[in-house]
Structures are given as C-alpha cells and as structure tokens.
Amino acid sequence: MTLPVFLVPALPPGEEFVLDGPEGRHAATVKRLRVGEELVLSDGSGTLVRCAVVSVERDALSLKVLDRAVEPEPSLRVVLAQALVKGDRGELAVELATEAGVDGVVPWRAARCVAKWEDGPRGAKALGRWRSTVREAAKQARRSRVPFVDEPVSTAQLSQRVSSSALTLVLHESATDRLSDVDLPESGDVLLVVGPEGGITPDELEALRSSGARIVRLGPTVLRASTAAAVALGALGVLTSRW
C-alpha cells in the first residue's frame with residue numbers, strides 16, 4: 001500500500017518536523033500512526049517528503065525526514081469545465097475527477113444549471129466546498145498536486161478559455177465524433193466541458209464550437225453530469241501519455 005499523504009502549507013526545510021493542527025490530529029487519532037511508521041508530506045505543488053514517525057502526541061506527530069522528491073507537472077494537462085450541479089452531485093463530480101487525475105476545475109454557470117452560485121457569501125461558500133472536496137480527494141488519491149478550482153465562469157468567459165487551450169472537448173450526446181477519433185495534443189491544456197443535467201443549449205454548443213471546441217461523445221450511453229468527467233479522464237489517460 002502506498003504511504004498516506006498529508007498536506008501542509010510549507011514543507012520542512014531540515015531533517016525534523018512536527019505535524020500538528022488538523023493534519024496532525026488526523027494522523028494521530030484517525031490514522032493512528034505509530035512510531036516507526038512512514039508517511040508523506042506534500043505542499044500540493046508536486047513536492048513529496050517521505051518521513052518516519054519519531055514520537056506521537058495526542059494530536060501531533062514528530063517526524064524525521066527520510067527522502068524528498070518532486071513530481072513534474074504533466075506536459076498535457078486536463079482542465080475540467082464542470083457545469084454547476086444541484087445538491088452534492090457537483091461535489092461528487094469534482095471528487096471523482098480529482099481521483100481520475102484532473103489538473104484543474106472551472107465551475108461553469110451554464111444556462112440550464114439548476115444550481116445558482118450568486119456572487120456573495122453563498123457563492124463563496126459553494127466554491128469553498130468544491131475546493132475542500134478537491135483537496136481531500138487529492139489526499140485520498142495520494143496525489144502530489146492538488147488541482148486548482150477557479151472562480152465560476154459564464155459561457156462567454158468559457159468560450160475565451162476555449163481559444164487559449166490546445167484542445168477543447170465538449171461532451172454531448174448529439175455528437176457524431178467519438179472521443180477516440182480525435183487527434184490529441186502532446187502538450188498544453190485540454191479543456192474538457194461537461195454540461196448540466198438539463199443539457200447544454202444549442203446556443204451554448206454553437207458558441208463553444210465557434211471558438212474552436214470539438215463536440216464529441218464517449219460511447220452509446222448517456223452519462224450523468226456527475227460521472228461524465230471521470231469516465232472521460234480515464235479515456236484520456238489511456239489515449240495519451242498521461243497514464
């Protein structure tokens with residue numbers, strides 16, 4: 001089994017470190033790590049520090065640094081533009097996408113979204129939940145990099161991102177092209193667009209297509225907005241050098 005990962009704001013500069021706060025409490029009381037066991041510290045930006053537990057307190061661990069490593073950022077990144085989904089299905093979507101390897105998430109205010117993230121405290125709270133979900137999913141998946149979660153965008157703003165991406169793929173059941181038929185780039189950003197449960201409107205499809213997006217489908221079935229991205233990421237992992 002791979003070692004558990006704990007995220008810290010700053011990695012230890014020397015050979016000793018005390019893991020305290022929420023992460024230390026989780027390591028000591030939930031994971032119940034003991035003297036001699038090992039764990040990995042990460043700053044969420046690609047650096048991993050392997051440590052051994054030297055002593056255990058009630059909510060903290062004293063650690064000895066054993067090794068350091070840096071995982072380079074993938075040459076081909078996948079950024080998910082996920083339409084807002086009602087209830088906890090939006091959090092499920094970004095959780096699964098993070099486990100499947102997404103590099104960043106852009107919340108999309110699509111026309112048919114039932115969920116509405118208005119500007120102000122309520123919208124900020126919803127965005128905070130997505131960011132917290134991504135952080136915890138990255139730890140669970142033992143990732144060295146925590147995907148970013150940007151501020152929500154409109155369709156016009158999303159169209160601008162299409163123009164700046166190496167490739168944009170919009171998942172839609174009306175498409176005749178399959179994802180497996182698309183020539184994928186070796187580097188840059190692939191923007192993967194997933195619409196809401198109510199579907200992407202014809203106007204939105206045309207706006208994205210006009211900006212350079214490819215409209216594709218994964219297979220013969222229609223997936224939910226909360227699972228489509230994870231399935232597509234699996235396909236992209238196999239079709240490119242990401243996996």
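Calculation notes
Residues numbered from 1 in each chain as written. Predicted model: local features only at pLDDT ≥ 70, side-chain atom pairs only at ≥ 80, totals over all residues. Heavy atoms only, no water. Helix = DSSP H or I, 4+ residues; strand = E, 2+ residues; numbered from the N terminus. Buried < 20%, exposed > 50% of the residue type's maximum accessible area, 1.4 Å probe, protein only. Contact = heavy atoms within 4.5 Å. Areas by Shrake-Rupley, 256 points an atom, 1.4 Å probe, with all protein chains shown as cover. Lys, Arg positive; Asp, Glu negative; His and termini not counted. Charge placed at Lys NZ, Arg CZ, Asp CG, Glu CD. UniProt positions renumbered as here; feature names shortened; annotations may be inferred. Patch = residues over 30% accessible without salt bridge, like charges linked within 9 Å, V, L, I, M, F, W, Y side chains within 5 Å. Salt bridge = Lys/Arg side-chain N within 4 Å of Asp/Glu carboxyl O. Pairing = 2+ DSSP bridges. Axes fitted to C-alpha atoms, helices over the stretch in contact; angles between N-to-C directions. Parallel < 35°, antiparallel > 145°, perpendicular 65-115°, else oblique. Left-handed = near helix turned anticlockwise from the far one by under 90°. Nonpolar A, V, L, I, M, F, W, Y, C, P; charged D, E, K, R; others polar. Core = buried A, V, L, I, M, F, W, Y, C linked by side-chain atoms within 4.5 Å.

Moving on to the overall build of the chain. The helix and strand inventory of the chain stands at six helices and eleven strands. Split into buried and exposed, the 243 residues of the chain put 47% on the buried side. Long-range pairs, those at least 24 residues apart, make up 71% of the contacts in the chain between residues at least 6 apart in sequence. Entry remark: accessible area of the chain is about 12300 Å², with carbon and sulfur atoms responsible for 50%. Here the chain holds 30 positive side-chain charges and 32 negative ones, and the gap between their average locations is 5 Å.

Feature annotation in UniProt assigns "domain: Ribosomal RNA small subunit methyltransferase E PUA-like" (unreviewed entry) to the following positions: residues 19-66. From the first C-alpha to the last, residues 19-66 spans 15 Å; its make-up is 21% helix and 46% strand.

On to a nonpolar patch on the surface, then. A grouping of L218, L223 and V231 is seen on the molecular surface, where their side chains present a nonpolar patch of about 200 Å² in accessible area. Looking at where L218 falls in the secondary structure, it is placed in the loop between β11 (214-216) and α6 (228-239).

Moving on to the sheet that holds strand β5 (residues 61-70). Neighbouring strands of a sheet are bound in pairs by backbone hydrogen bonds; such pairs are parallel or else antiparallel. With mixed pairing, five strands are arranged side by side in an open sheet as β1-β3-β4-β5-β2. The open sheet has two edge strands with one neighbour each: β1 (5-7) and β2 (16-19). With strand direction ignored, the average angle separating the axes of adjacent strands in the sheet is 40°. Across four bridges, β2 lies against β5 in antiparallel orientation. Bridge pairing in β5 places E16 opposite K64. Of the strands in this sheet, β1, β2, β4 (47-56) and β5 are in contact with helix α1 (residues 21-30), which crosses β1 at around 155°.

Turning next to the pattern of salt bridges. This structure, assessed with the given rule, holds 14 salt bridges. Here R50 and E38 are joined by a salt bridge, their closest N and O atoms 3.0 Å apart. Of this pair, R50 sits in strand β4 while E38 sits in strand β3 (residues 38-42); the two residues are twelve residues apart in sequence, bridging distant segments of the chain. The salt bridge involving E197 is made with R224; its shortest N-O contact spans 3.5 Å. Here R224 lies in the loop between β11 and α6 and E197 lies in the loop between β10 (188-194) and α5 (202-210), a separation of 27 residues in the sequence. By relative accessible area, which is 42% here, E197 ends up partly exposed. Taken together, the shared-partner salt bridges connect E23, E136 and K139 into one network.

Once that is clear, we can look at the packing of helix α4 (residues 155-164) against α5. Put simply, α4 and α5 touch, their axes get as near as 8 Å, and they point 25° apart. Regarding the angle of α4 to α5, the classification is roughly parallel. Viewed along their axes, α4 and α5 form a crossing whose handedness is right-handed. For the pair α4 and α5, contact is made by T155, L158, S159 and V162 and by E204, A207 and L208, respectively. Of the residues that constitute the contact of α4 with α5, the class distribution is four nonpolar, two polar and one charged.

Judged by nonpolar contacts, the single largest core of 50 residues is most densely connected at W108, L158, L169, V170, L192, V193 and L208. In contact with L169, other than residues within four places in its own chain, are L179, V182, L184, V190, L191, L192, V193, R214, V216 and L236. By size, the runner-up hydrophobic cluster in this structure holds 16 residues, among which are V8, A28, V53 and L63.

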